[in-house]
Amino acid sequence: FPTRRSSDLLRLALERGIAKVRVSDIAAAAGVSPRTYNNYFSNREQAICALGAQRALRIVSALNDRPPSEPLAEALVHAMVDDNDARGEPDKDVFRLMMCDESLRGEFFKATAAVHRPLADAIAGRVGMDGTADLLPGVVASIYEAAARASTIYWLRPECAQPLAQVLRQALTVLAPVASALEHAAPEHAAPEHAADGG
């Protein structure tokens, strides 16, 4: 679903209230017909929260694009932080709406949780494991997802003046030993390139 203007849609929901956002508004924000909208979403909450899934999928794509020789810990930090740097500081009110509004919260977490498997697969691919058959890539993906969620909740506090990217980087840097442990647990024949070239 081409929600190129999801941020506009979220701003509309913030200004009007979720109940007053119409199907025609959502379809117009996405640049599609209301019929196409109905093929993708069962309710307005699901459509509004598509932005969360978009951001998560960009992280997976960014991780897949990182140099194969880069340590997993560094690749994950770049993939999860650079998107925030590139797009500028997110709107706190918009994020608060998605994460705290009762009518949206469930759909927001459902949308982001749906990206767990692609993230686990991307992590597994970097260390020569199978994201479905092996336990540890999914565990590491869950830990990084939890850190990102905790960072966002911390950043949403009124007294937090740090940019989200800075908060996220602080949290993810602490997790470097977790990513390194996964690389060491990978089969020798599938060890990442940086382990072989000393990078």
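Description of the structure in this document.

What counts and what doesn't
Residues numbered from 1 in each chain as written. Predicted model: local features only at pLDDT ≥ 70, side-chain atom pairs only at ≥ 80, totals over all residues. Heavy atoms only, no water. Buried < 20%, exposed > 50% of the residue type's maximum accessible area, 1.4 Å probe, protein only. Helix = DSSP H or I, 4+ residues; strand = E, 2+ residues; numbered from the N terminus. Polar contact = N/O pair within 3.5 Å; in protein donor to acceptor, adjacent residues only side chain to side chain. Patch = residues over 30% accessible without salt bridge, like charges linked within 9 Å, V, L, I, M, F, W, Y side chains within 5 Å. Areas by Shrake-Rupley, 256 points an atom, 1.4 Å probe, with all protein chains shown as cover. Salt bridge = Lys/Arg side-chain N within 4 Å of Asp/Glu carboxyl O. Core = buried A, V, L, I, M, F, W, Y, C linked by side-chain atoms within 4.5 Å. Contact = heavy atoms within 4.5 Å.

**A few points about helix 7 (residues 92-100)**
Then, number 1: When we look at burial in helix 7, the residues that qualify are Val-94, Phe-95, Leu-97, Met-98 and Met-99.
Then, number 2: Between the side-chain oxygen at the start of helix 7 and the backbone nitrogen of Asp-93 there is a gap of 2.8 Å, and the oxygen is on Asp-91.

**Looking at a nonpolar patch on the surface**
Then, number 1: The grouping of Leu-135, Leu-136, Val-139 and Ile-143 at the surface amounts to a nonpolar patch, some 320 Å² of accessible area in total.
Then, number 2: For Leu-136, the position within the fold is in helix 10 (residues 136-155).

**Things to note about the nonpolar core**
Then, number 1: Ranked by size, the top nonpolar core spans 32 residues in total, and within it Leu-63, Ile-123, Tyr-144 and Leu-172 carry the most contacts.
Then, number 2: Listed by contribution, the elements that provide at least two residues to this core are helix 5 (50-65), helix 6 (72-87), helix 9 (116-127), helix 10, helix 11 (164-174) and helix 12 (176-185).
Then, number 3: For this core, the element with the most residues is helix 6, which contributes eight residues.
Then, number 4: Leaving out residues up to four positions away in the same chain, Leu-63 has contacts with Ala-75, Leu-76, Ala-79, Leu-119, Ala-122, Ile-123 and Arg-126.
Then, number 5: By size, the runner-up hydrophobic cluster in this structure holds 27 residues, among which are Ile-26, Ala-27, Phe-41 and Leu-156.

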